Amino acid sequence: MSIVVRVQQGYQRGTRLLSIYMEPLGLLLMRLLVARVFLQSGLSKWHGWFDFNDTKYDLFLYEFFCPDPVRPGALLLCDPVTLDYQSGSLTVELIESLALLAGIAEVVLPVLLIVGLLTRPAALGLIAMTLFIQLAVFPTWGHWWNPAAWWFVVLFGVFAVGPGALSLDRLFKLENRRT
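First, a word on scope: everything that follows refers to the structure included in this document.

Parameters and conventions
- Residues numbered from 1 in each chain as written.
- Predicted model: local features only at pLDDT ≥ 70, side-chain atom pairs only at ≥ 80, totals over all residues.
- Heavy atoms only, no water.
- Helix = DSSP H or I, 4+ residues; strand = E, 2+ residues; numbered from the N terminus.
- Rg over C-alpha atoms; globule rule 2.2 N^0.38 Å.
- Salt bridge = Lys/Arg side-chain N within 4 Å of Asp/Glu carboxyl O.
- Buried < 20%, exposed > 50% of the residue type's maximum accessible area, 1.4 Å probe, protein only.
- Contact = heavy atoms within 4.5 Å.
- Arc of directions from axis to C-beta.
- Axes fitted to C-alpha atoms, helices over the stretch in contact; angles between N-to-C directions.
- Parallel < 35°, antiparallel > 145°, perpendicular 65-115°, else oblique.
- Left-handed = near helix turned anticlockwise from the far one by under 90°.
- Nonpolar A, V, L, I, M, F, W, Y, C, P; charged D, E, K, R; others polar.
- Phe/Tyr/Trp six-rings, centres within 6.5 Å; stacked < 30°, edge-to-face > 60°.

Before going further, it helps to spend a moment on the overall build of the protein chain. The helix and strand inventory of the protein chain stands at 6 helices and 2 strands. Starting at the N terminus and walking to the C terminus, you meet the elements of the protein chain as α-β-β-α-α-α-α-α. Relative to a compact globule of 179 residues, whose C-alpha radius of gyration would be 16 Å, the protein chain shows 21 Å and is clearly more extended. Across its three principal directions, the C-alpha atoms of the protein chain cover 80 × 35 × 20 Å.

This is the structure:
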């Protein structure tokens, strides 16, 4: 057996062992890393159980969908001249509902990632949230590269590969062990 073949076989054994032992830890760390970002944001929208922080409505109404100055390319839902909303409009109700929904999703989806339960749907939900933030709220390359790109890549990795062995999905056999 040539030295090249022995080196190749040794390398393959080593990478196989790394996959067995390090992949679950790497996937857990990826899940924890990105979950922390969204969970902190989600918890900031609440005063406690079922007590939504009303000041976050203003964040959605004015910072996200009616900023002054207007961000080129961003979704502008208010009057572009007055930079205000029509009182009692359906748009205001929609934005307030969106704020509440985001507050719930930013808590529930990261918790699912942390424990590794329904991990792929949770990652997909956070990918959708990341893309919405990037495309509709902060549509600049500067925001994409810092921080949205790394959120997207980590979430995409978890979505593509799965939660790993250190997850409730694996424990409950919702995810099969990869061959």
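If the charged atoms of two oppositely charged side chains come close together, the side chains can form a pair. Summed over all chains, the structure comprises 3 salt bridges. Across the pair glutamate 106 and lysine 45 runs a salt bridge whose closest N-O atoms are separated by 2.6 Å. A residue pair is termed long-range when its members are at least 10 positions apart, and glutamate 106 in helix H3 (residues 90–115) and lysine 45 in the loop between helix H1 (3–43) and strand S1 (46–48) qualify at 61 residues. Here the two residues glutamate 106 and lysine 45 agree in accessibility, since each one is buried. Measuring nitrogen to oxygen at the nearest pair gives 3.6 Å for the salt bridge that ties glutamate 63 to arginine 71. Overall, the relative accessible area of 16% leaves arginine 71 in the buried class.

To continue, consider the environment of tyrosine 57. Relative to the elements of secondary structure, tyrosine 57 occurs in helix H2 (residues 55–64). Given the relative accessible area of 18%, tyrosine 57 is considered buried. Those residues in contact with tyrosine 57 that sit more than four places away from it in its chain are Phe52, Glu96 and Ala99.

Now for H2. For H2, the set of buried residues is Lys56, Tyr57, Phe60, Leu61 and Phe64. Here the buried residues of H2 occupy an arc of 140° about the axis, which is enough to place them on one side. Elements that come into contact with the buried residues of H2 comprise strand S2 (51–52), H3 and helix H4 (119–137).

Structurally, glutamine 9 is set in helix H1. On the accessibility criterion, glutamine 9 (32% relative accessible area) is partly exposed. The sequence separation of glutamine 9 and glutamine 86 amounts to 77 residues, and the corresponding C-alpha distance is 70 Å.

Our next topic: the packing of H4 against helix H5 (residues 141–161). At a minimum axis separation of 9 Å, H4 and H5 run at an interaxial angle of 160°. If you check the angle between H4 and H5, you find them roughly antiparallel. Read as a crossing pair, H4 and H5 show a hand that is left-handed. Only His143, Trp144, Ala148, Trp151, Phe152, Leu155, Phe156, Val158, Phe159, Ala160 and Val161 of H5 make contact with H4, whose side of the interface consists of Thr119, Arg120, Ala123, Leu124, Leu126, Ile127, Thr130, Leu131, Ile133 and Gln134. Taken together, the residues that form the contact of H4 with H5 break down as 16 nonpolar, 4 polar and 1 charged.

Moving on, we come to the packing of aromatic side chains. If you walk through the whole model with that rule in mind, you get 12 aromatic pairs. Ring geometry for tryptophan 49 and phenylalanine 50: centres 6.1 Å apart, planes at 45°, overall tilted. We classify phenylalanine 50 as exposed; its relative accessible area is 78%. Their ring planes at 70° and their centres at 5.6 Å tell us that tyrosine 62 and tyrosine 85 sit as a pair that is edge-to-face. Residue tyrosine 62 is found in helix H2, and its partner tyrosine 85 is found in the loop between H2 and H3; the two are separated by 23 residues along the sequence. A relative accessible area of 33% means that tyrosine 62 is categorised as partly exposed. Here tyrosine 85 falls in the buried class, since its relative accessible area comes to 13%. Feature note: the residues Phe60, Phe64, Phe65, Phe132 and Phe138 constitute an aromatic cluster, connected by ring pairs.

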